[in-house]
Amino acid sequence: MPNRPFSVIENEWITLADGTRLAARIWMPDEAEADPVPAVLEFLPYRKRDGTSVRDEATYPAFAAAGIAGVRVDMRGSGESDGVIDGEYTPRELSDAVEVIAWIAAQPWCTGAVGMMGISWGGFNSLQVAALNPPALKAVISIASTVDRYNDDIHYKNGCHLSANLSWAATMLAYQSRAPDPDLVGERWREMWLERLEGEPFFLEEWLAHQRRDAFWQHGSIAEDWSAYRVPTFIIAGWADGYRNTPFRFLEGSNAPKTALVGPWVHKYPHFAWPRPRADFLNEAIAWWGHWLKGEDTGVERWPELRAYLLDGPQPQRLRQDDPGEWVAKPAWKVPEVRDYRIAAGGRLADTDALLERRTAILSSPEDLGVTSGEWFTLKPDAEMAGDQRRDDGLSLTFDSAPTALAADFLGQPELRLRLSSDKPAANLVARLVDVHPDGTATRIAYGVLNLAHRSSYAEPEALPVGEPVEIAMRLDACGYRLKPGHRLRLALSTAYWPTILPQPETPTLSLELGSLVLSMPLLGEAEPVTVPEPENPDPLPKYEMRASAETRRRVTHDLTLGRTLYEIQEDTGLAVHPDTGLAARQVRSETWSIDPRDPLSMTGEARWITENGRDDWTVRTETACRIACTREDWLISAELVAYEGEAEVCRRTWERTIPRDFM
């Protein structure tokens, strides 16, 4: 790895046209004003001072040593930057990013060539800013992101209401309520903090006001106009994360120079992600930037369009540190050929010509089916990942194939088609693909959900015609999976997947015409084995002093007396102290979902956060709580925020809204 000396500029002010100052941390190669360098921007609301400092310090020093400045900027209203955040991926956010890119390109230490990079929020806005084509932006690396904000983000999924909608709104209320660091902003810190506390929005109000795919979600969804997207892009995703479809949709839609990498990972950068194997992200990124920002021949143009890790029947475990499998490459990605499975007589899932099952099957699920689903996006390879599916399979309508004689390799997005009718005007349909191991263990391969009111349009949903058959087609999430000899493929169908998706107002009963069902599995086809090098440093994350240890708990409780199921999450990051700045930070999260399996209107969710920051005799704390419940007609949401300096309360705010349900 290159070894150019560099220094760290702990805080640099970038002043926007409206006078707003944004705070930047810069890893600067030495002598850059005499020998200018390109730069890479990461633009986030997650606080460079404490929120992302660990991963930043595991990444940007390598870029600087390779002669690439790393510029980590806190968005308006976060960290030490001025102002108040106004939402998620808003026009103002993207405009600010464009200004920052122009500022970077104009600096005497910069060659004028800028890249943009990020994971999750930063991966999103990298794509969205690239679609605006700022002149200095020459390339992008986007990790764990989406090209479709409505169907492939944390709010809604194919018209279904994700519980992560509340979870993420609660997270952002807590994150944005944290105070700037007085060491960087001086005595202004309190004034800046109070401005945020009194002005920050409760994001769920806006998100729930847009329950269909309208202009609000079209904004920032680059799949709306692929012709506008021309920036060379490296897309990265993980099978254990919620953003697994993006590489395939990007490769199929974009005409920009592109390449994609999909590993077994959770929602993390690939050089420190789980489950292993990891990827040598730092050297790959340096090669990417070297080609597009420096004009060097680093071999990037000879990379295959897609490299993917083919999972080889991993067992669900409490902690999945390593997943078996192999890397494969597709020099050019195209929509794959498929193998069609149907329901044969006797209820077997068959991929050969056979007498089809002609009967009608009845499907009506208890509302607590889904507790082994894991998190929508995963940050740790533990119970956040989907567990053994046997509990949920036992409550589902399932169809198994015969044990496979030869390995079957799948890569891409499966599709399910069938004809059904409903006794209610609203219903959700959930399809899971499961690998049934010879010992009975059940690993989830992929899943898909569909609000049946959205069967024809996400923008213009319409009620189901009660008692009348309708044709349904749904795409499941992408997978890369080897079904080994002796294993069975299972299709599991349900009308609930709680708490991943929230229930409809009534529990539906669906009548499925089994003879109409076709499951199309995407075949790997011709592919080349490929080596994806692992990181030179297997443990790149810096170690901070921990004054209180971290802890994670997940628990499902079935109260047989009260007839309720509770799904509980408890997480404590511990109290970490940065070794150089002395800034201490801690976040504690608790989340509880509750439902009566027989009553969808009994559903409730509550997410609470405590955030703490301090240094010496300076301490600040915020406590937030967000809740959701429902009636047949409405969503009932509320939130509260209380902030403390020391033990003195400095701000208290509440929100309460009733928002009509819109076909969900």
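What comes next concerns the included structure. Computed from a prediction, not measured in an experiment: that's the story for all the values here.

**What about the nonpolar core?**
- Among the nonpolar cores identified, the biggest contains 193 residues, and Phe63, Trp109 and Trp289 are the most heavily contacted of them.
- Setting aside anything within four residues of it in sequence, one finds Trp109 in contact with Ile26, Met28, Ala32, Glu33, Pro36, Val37, Ala39, Ala69, Val71, Trp103 and Ile104.

**Quick word on the sheet that holds strand β19 (residues 428-436)**
- In space, the 4 strands of this open sheet follow the order β16-β23-β19-β20, with antiparallel pairing throughout. One side of each edge strand has no neighbouring strand; the edge strands of this open sheet are β16 (397-400) and β20 (442-451). Strand after strand, the sheet turns through a mean of 15 degrees between neighbouring axes, direction not considered.
- As judged from the 9 bridges shared by β19 and β20, these two strands associate in the antiparallel manner. Counterpart to Asn428 in the pairing with β20 is Asn451.

**Let's talk about unusual backbone geometry**
- Cis geometry is adopted by the peptide bond preceding Pro275, which originates at Trp274 and carries an omega value of -15 degrees.
- Topologically, Pro275 is positioned in the loop between β10 (258-263) and α11 (281-294).
- The omega angle of the peptide bond from Trp498 to Pro499 is 5 degrees, so this bond is cis rather than trans.
- Tracing the backbone through its elements, the reader meets Pro499 in the loop between β23 (488-494) and β24 (510-522).
- Of note, Asn133 is a non-glycine position whose phi angle comes to about 55 degrees, a positive value.
- Within the secondary structure, Asn133 is located in the loop between α4 (121-130) and β6 (137-143).

**Focus: the packing of aromatic side chains**
- Taken as a whole, this structure holds 33 aromatic pairs when the rule is applied.
- Residues Trp226 and Phe250 carry aromatic rings whose centres are separated by 5.5 Å and whose planes lie at 85 degrees to one another, so their mutual orientation is edge-to-face. One end of the pair, Trp226, is in the loop between α9 (215-218) and β9 (233-238); the other, Phe250, is in helix α10 (residues 246-253), and 24 residues separate them in sequence.
- Since its relative accessible area comes to 18%, Trp226 is described here as buried.
- Summarising the aromatic geometry, the rings of Tyr447 and Tyr497 are spaced 5.4 Å apart at their centres and angled 50 degrees between planes, so their arrangement reads as tilted. Residue Tyr447 is located in strand β20, and its partner Tyr497 is located in the loop between β23 and β24; the two are separated by 50 residues in the primary sequence. When sorted by exposure, Tyr447 lands in the same class as Tyr497, which is buried.
- Here the aromatic cluster, defined as three or more aromatic residues joined through ring pairs, consists of Tyr46, Tyr89, Trp121, Phe124, Trp168, Tyr175, Tyr243, Trp376, Phe377 and Trp609.
- Lying over the aromatic face of Trp274, Arg278 brings its terminal NZ or CZ to 4.3 Å of the ring centre.

**Some points on empty space enclosed by the protein**
- Scanning all chains against the criterion turns up 6 cavities of 30 Å³ or more.
- Its volume calculated, the largest cavity comes out at about 300 Å³.
- Lining the largest cavity are 28 residues; nearest its centre among them are Trp239, Ala240, Arg244, Arg444 and Ile445.
- Taken together, the elements giving at least two residues each to the lining of the largest cavity come down to β20 and β22 (479-483).
- Examining the composition of the lining of the largest cavity, we find that 5 residues originate from one element, β20, more than from any other.
- For the lining of the largest cavity, a count of residues per class yields 15 nonpolar, 6 polar and 7 charged.

**Considerations on the pattern of salt bridges**
- Per the counting criterion, the structure on display carries 68 salt bridges.
- Linking Asp18 and Arg76 is a salt bridge whose minimum nitrogen-to-oxygen distance equals 3.0 Å. On the criterion of sequence distance, the pair formed by Asp18 in the loop between β1 (6-15) and β2 (21-29) and Arg76 in the loop between β4 (69-74) and α3 (91-106) is long-range, its members being 58 residues apart.
- One salt bridge in this structure joins Arg212 and Glu460, with 3.6 Å as the shortest N-O distance. With a gap of 248 residues between them, Arg212 in the loop between α8 (203-208) and α9 and Glu460 in the loop between β20 and β21 (470-475) connect regions that are remote in the sequence.
- One network of salt bridges, with partners in common, ties together Glu10, Arg25, Arg49, Glu57, Asp181, Asp183 and Arg615.

**Digging into the environment of Gly290**
- Tracing the backbone shows Gly290 in helix α11.
- Note: C-alpha distance between Gly290 and Leu575 (285 residues apart in sequence) is 38 Å.

**Some remarks on the side chain of Arg444**
- Structurally, the position occupied by Arg444 is in strand β20.
- The charged side chain of Arg444 is buried without a salt bridge, its nearest counter-charge being Asp477 at 6.8 Å.
- A polar contact of 2.9 Å, which involves the side chain of Arg444, links it to the side chain of Tyr497.

**As for the pairing of β2**
- For β2, a buried count of 8 out of 9 residues is recorded, marking the element as mostly surrounded by other parts of the structure.
- When β1 meets β2, the two strands line up antiparallel, connected through 8 bridges. Of the residues in β2, the one forming a bridge with Trp13 is Ala23.
- The pairing of β2 with β4 spans 4 bridges and is antiparallel. Looking at β4, one finds that Arg25 is bridged to Arg72.

**Concerning the pairing of β19**
- In terms of burial, β19 is largely enclosed, as 9 of its 9 residues are buried.
- Burial of the side chains of β19 extends over both faces: Asn428, Val430, Arg432, Val434 and Val436 are buried on one face and Leu429, Ala431, Leu433 and Asp435 on the other.
- The hairpin turn running from β19 into β20, its antiparallel successor, is 5 residues long, and Gly440 in that turn takes a positive phi close to 95 degrees.
- One ladder, built from 7 bridges, connects β19 with β23; its direction is antiparallel. Within β23, the position partnered with Val436 by the bridge is Arg488.

Parameters at a glance
- Residues numbered from 1 in each chain as written.
- Predicted model: local features only at pLDDT ≥ 70, side-chain atom pairs only at ≥ 80, totals over all residues.
- Heavy atoms only, no water.
- Core = buried A, V, L, I, M, F, W, Y, C linked by side-chain atoms within 4.5 Å.
- Buried < 20%, exposed > 50% of the residue type's maximum accessible area, 1.4 Å probe, protein only.
- Contact = heavy atoms within 4.5 Å.
- Pairing = 2+ DSSP bridges.
- Helix = DSSP H or I, 4+ residues; strand = E, 2+ residues; numbered from the N terminus.
- Axes fitted to C-alpha atoms, helices over the stretch in contact; angles between N-to-C directions.
- Phe/Tyr/Trp six-rings, centres within 6.5 Å; stacked < 30°, edge-to-face > 60°.
- Lys NZ or Arg CZ within 6 Å of the ring centre and 35° of its normal.
- 1 Å grid on protein atoms, 1.4 Å probe; cavity = no way out; pocket = protein on both sides within 12 Å on 5 of 7 lines; lining within 4 Å.
- Points joined across faces, edges and corners; volume = space filled by probe spheres on them.
- Nonpolar A, V, L, I, M, F, W, Y, C, P; charged D, E, K, R; others polar.
- Salt bridge = Lys/Arg side-chain N within 4 Å of Asp/Glu carboxyl O.
- Lys, Arg positive; Asp, Glu negative; His and termini not counted.
- Polar contact = N/O pair within 3.5 Å; in protein donor to acceptor, adjacent residues only side chain to side chain.

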